[in-house]
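# Coordinates in review
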Amino acid sequence: MRNQRWQAIGTSGLSDFRLVDYDAPVPGPDQIRVTVTAAGVNPADLKHVARATSFPLPIGYEIAGVVDAVGPGAIGGSGPLAVGDRVVAFRIHGGYATTATIPADTAFVLPDSVDDVTAAGLLLAGTTAADMLNRTRVAAGDTIVVHGASGAVGVTLLQLAARDEVRVVGTSSPERLGAVTRFGATAVPYGDGLLDRLRDVATDPVAALDLTGTDEAIDASVALVEDRTRIITAANKAAASEHGLVAVAGLDPESAAYRDAMRGPLLGLVAAGELTVPVAGTFPVADAVDALGLVASGRAGGKVVLTVGP
Ligand SMILES: NC(=O)c1ccc[n+]([C@@H]2O[C@H](COP(=O)([O-])OP(=O)(O)OC[C@H]3O[C@@H](n4cnc5c(N)ncnc54)[C@H](OP(=O)(O)O)[C@@H]3O)[C@@H](O)[C@H]2O)c1
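Note that the structure is predicted; figures quoted are calculated from it, not measured.

### Things to note about the packing of aromatic side chains
Scanning all chains against the criterion turns up zero aromatic pairs. The ring of tyrosine 22 carries the charged tip of arginine 5 above its face, separated from the ring centre by 3.8 Å.

### Structural notes on the side chain of asparagine 42
On the secondary structure map, asparagine 42 appears in the loop between β3 (31–41) and α1 (43–51). Within the structure, asparagine 42 has its side chain in polar contact with the side chain of glutamate 62 (distance 2.8 Å). Filtering out sequence-adjacent residues up to four positions away, asparagine 42 remains in contact with Glu62, Tyr96, Leu124, Ala125, Leu292, Val295 and Lys303.

### A word on unusual backbone geometry
Note that the residue after phenylalanine 55, namely proline 56, is joined by a cis bond; omega there is 0°. A positive phi angle is found at aspartate 30, which is not glycine, with a value near 65°. By the element assignment, aspartate 30 lies in the loop between β2 (17–21) and β3. Owing to a relative accessible area of 46%, aspartate 30 belongs among the partly exposed residues under this scheme. Backbone geometry at aspartate 204 places phi at a positive 50°, although glycine is not the residue there. Here aspartate 204 lies in the loop between α6 (194–201) and β14 (207–210).

### Quick notes on the pattern of salt bridges
Taken as a whole and assessed by the stated rule, the structure comprises 12 salt bridges. Where aspartate 68 meets arginine 33, a salt bridge forms, and the shortest distance between an N and an O atom there is 2.8 Å. Highlighted residues: aspartate 68 in strand β5 (residues 62–70) and arginine 33 in strand β3, separated in sequence by 35 residues. Owing to a relative accessible area of 29%, aspartate 68 belongs among the partly exposed residues under this scheme. Among the charged side chains, a network of salt bridges with common partners joins Asp131, Arg135, Asp252 and Arg259.

### Section: the pairing of β5
Here β3 pairs with β5 via seven bridges, running antiparallel. Paired with alanine 38 across the strands is alanine 64, a residue of β5. Where β5 lies against strand β8 (residues 86–90), five bridges are found, and the strand directions are antiparallel. Looking across to β8, one finds that alanine 64 is bridged to valine 88.

About the thresholds
Residues numbered from 1 in each chain as written. Predicted model: local features only at pLDDT ≥ 70, side-chain atom pairs only at ≥ 80, totals over all residues. Heavy atoms only, no water. Phe/Tyr/Trp six-rings, centres within 6.5 Å; stacked < 30°, edge-to-face > 60°. Lys NZ or Arg CZ within 6 Å of the ring centre and 35° of its normal. Helix = DSSP H or I, 4+ residues; strand = E, 2+ residues; numbered from the N terminus. Polar contact = N/O pair within 3.5 Å; in protein donor to acceptor, adjacent residues only side chain to side chain. Contact = heavy atoms within 4.5 Å. Buried < 20%, exposed > 50% of the residue type's maximum accessible area, 1.4 Å probe, protein only. Salt bridge = Lys/Arg side-chain N within 4 Å of Asp/Glu carboxyl O. Pairing = 2+ DSSP bridges.

Written out as structure tokens, the structure is:
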């Protein structure tokens, strides 16, 4: 198999994505090289290209794979690494690839109980969910509203909230209510009349988390939650500025530090069978544009992961 990776050559979207021949460099100090087996697909893979200023831009923030070279002094996020170790890595650049040279401290040794596809789909969505929940300052017995609870970030949020005994009312499409109730939350369909439906079941919510960016989600959140610092959006920065809400972003230093610290614990929960990553489907890495197109539609119905290799 040829060594290849996906990169964007401009800001026009998926039409600017190219699969090119690429040999990942020999790892330098504090780096490792990984033979990629699976790569997580996230809305950010496309959104960030639209805002980029430097091209070509390698695509993909999270992978699973096998270490094939270790640079001088390289230590993984979970300790020493050796050639042949199975790893998961997040926050990296250039994950849509057959091989990737990455900072060693982004890589964590994969327990045998965690398969590569699950691992590759875990950490971007999982650490975002943990960060957002942390920002709400909730306690056991509180009720929160989660808009977009059936998505990749949403279902992780539901599971983390349940562990903290926080009650969740979560929105989804009518077809995907089961993805919300599966994790113990009360499910409410989004769309016309959302605020009334939420009022019927969400008694005194202390916080609202938005993963949709829609006006109806923002308006309902503002109507239901008095303290605007407890309305957190991952998908509508403009609305956050307009209404005095909190917008989270992975590069914000507070979020970056918290999310990085949560990689190991989240992996531990999956290894222990206490956290599930519902995978909607896998695509060969050569079909990354189709995979990302599906994810960007907002209707993938779970995590989408690229697979690499035979
Ligand atoms: N700021 C950050 O750090 C950060 C990090 C990660 C993700 N994000 C953002 O968070 C959002 C969710 O990410 P994700 O990976 O969870 O995406 P996802 O898996 O595609 O989930 C999308 C969610 O939005 C819902 N949805 C789709 N169309 C909708 C509509 N018209 N009205 C209301 N809800 C709708 C979906 O529900 P149904 O499937 O039931 O229709 C699903 O629950 C994305 O915008 C992503 O860019 C931000």
